[in-house]
Amino acid sequence: MSTLIKQVRADGLPRHVAVIMDGNGRWAKARGLPRVAGHQAGAQAAERLIRFAGGKLGLKNLTLFAFSTENWNRPAEEVDFLMHLLDQFITEKLKEFIREGVRLIVSGDLGGLPSQIRETVRNAIEQTAQNDRLLLNVALNYGARQEIVRACQRVASAAVAGKLNLVELDENSFACFLYTDGIPDPDIIIRTSGEMRLSNFLLWQAAYAELYFTGTLWPDFTPAELLKTIASYQKRERRFGGVRNV
Ligand code: FPP
């Protein structure tokens, strides 16, 4: 780890890393365990990563895709388990978040969640609102198309209320209507478990993100692998549609 951390330039850290945490089910299956055991191990991997990102690494913004709008199609017991796991995770971590300067926000439709987790999330958002060391954005009941449609509805409401002049609407002002208002776009999007899709994740914000796909199953994803990803990101040349540097 210590040699790896030296390979990463502190001045070139991504401003925002976003992760599609995939492969919990396969991790469990490979061990002859029920799928939910994979989610439990996945929560531990998330815990390790958050602690490392906000601590030693000094990352400012981290988004974790915890539950998509499509995940409701899973068996009811698995959905219930995930809701309970996320509720428990946020409840148990709240003290540490407050102590370590982690600010929690959620991207997604909170109104569509069971009331218990909705309250846990609202309370954690409120209690960590002043923290500024690491912004932890948990995508929960999130879908990027839903986010964009919601942004359009909010734009329309603002225009009807006379608070927005549509002629002045541009990419920057539109982005303020997304869940990620105020957060820089992700520089890196990581997906674990070998799948190479964005699966309705941050479609607007991903416009210029570097994409990293690893075969590692989410529960096995370590801070060391995050460091390797960042070291590799720092070697990539980002052009944002411009010309190659020669
Ligand atoms: C994908 O694995 C994972 C999920 C749908 C849930 C992600 C949730 C966690 C990792 C729990 C903890 C999260 C936080 C933020 C505490 P999968 O079930 O689709 O795996 P498979 O593709 O191998 O079946």
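Residues numbered from 1 in each chain as written. Predicted model: local features only at pLDDT ≥ 70, side-chain atom pairs only at ≥ 80, totals over all residues. Heavy atoms only, no water.

Caption draft 1: Geometry of the site of the ligand. Taken together, 17 residues are adjacent to the ligand, and Asn24, Gly25, Arg26, Arg35 and Arg74 come closest. One of the backbone N or O atoms of Gly23 is found 3.4 Å from an oxygen atom in the ligand. The side chain of Arg35 places a nitrogen or oxygen atom 2.9 Å from an oxygen atom of the ligand. Here the ligand, which alone exposes 620 Å², has 92% of that area covered by the protein. Where the shell around the ligand is concerned, the elements lending two or more residues are helix H2 (24-30), helix H3 (35-57) and helix H4 (76-100). If you tally residues by element for the shell around the ligand, the top one is H3, at four residues. (Near = heavy atom within 4 Å. Polar contact = N/O pair within 3.5 Å; in protein donor to acceptor, adjacent residues only side chain to side chain. Areas by Shrake-Rupley, 256 points an atom, 1.4 Å probe, with all protein chains shown as cover. Helix = DSSP H or I, 4+ residues; strand = E, 2+ residues; numbered from the N terminus.)

Caption draft 2: Expanded view of helix H8 (residues 223-235). Spanning 13 residues, H8 covers 19 Å between terminal C-alpha atoms, matching the ideal 18 Å at 1.5 Å per step. All of the buried residues in H8 are Pro223, Glu225, Leu226, Leu227, Thr229, Ile230, Ala231, Tyr233 and Gln234. Those residues of H8 that are buried are in contact with helix H1 (2-7), strand S1 (16-20), H3, strand S5 (188-191) and strand S6 (210-213). (Expected span 1.5 Å × (residues − 1). Buried < 20%, exposed > 50% of the residue type's maximum accessible area, 1.4 Å probe, protein only. Contact = heavy atoms within 4.5 Å.)

Caption draft 3: The arrangement of the packing of aromatic side chains in detail. This structure, assessed with the given rule, holds eight aromatic pairs. A ring pair is formed by Phe65 and Phe201, whose centres lie 4.6 Å apart and whose planes are at 10°; its orientation type is stacked. Of the two residues, Phe65 is situated in strand S2 (residues 61-68) and Phe201 in the loop between S5 and S6; the sequence distance between them amounts to 136 residues. In this pair, the class of Phe65 matches that of Phe201, namely buried. Their ring planes at 70° and their centres at 4.8 Å tell us that Phe67 and Trp72 sit as a pair that is edge-to-face. Overall, the relative accessible area of 0% leaves Phe67 in the buried class. Taking the relative accessible area as the measure of exposure, Trp72 reaches 33% and is therefore partly exposed. Among the aromatic residues, those joined into a ring-pair cluster are Phe65, Tyr142, Tyr179 and Phe201. Lys93 extends its terminal NZ or CZ atom over the ring of Phe89, reaching a point 5.9 Å from the ring centre. (Phe/Tyr/Trp six-rings, centres within 6.5 Å; stacked < 30°, edge-to-face > 60°. Lys NZ or Arg CZ within 6 Å of the ring centre and 35° of its normal.)

Function cannot be inferred from these measures alone, as they are strictly geometric.
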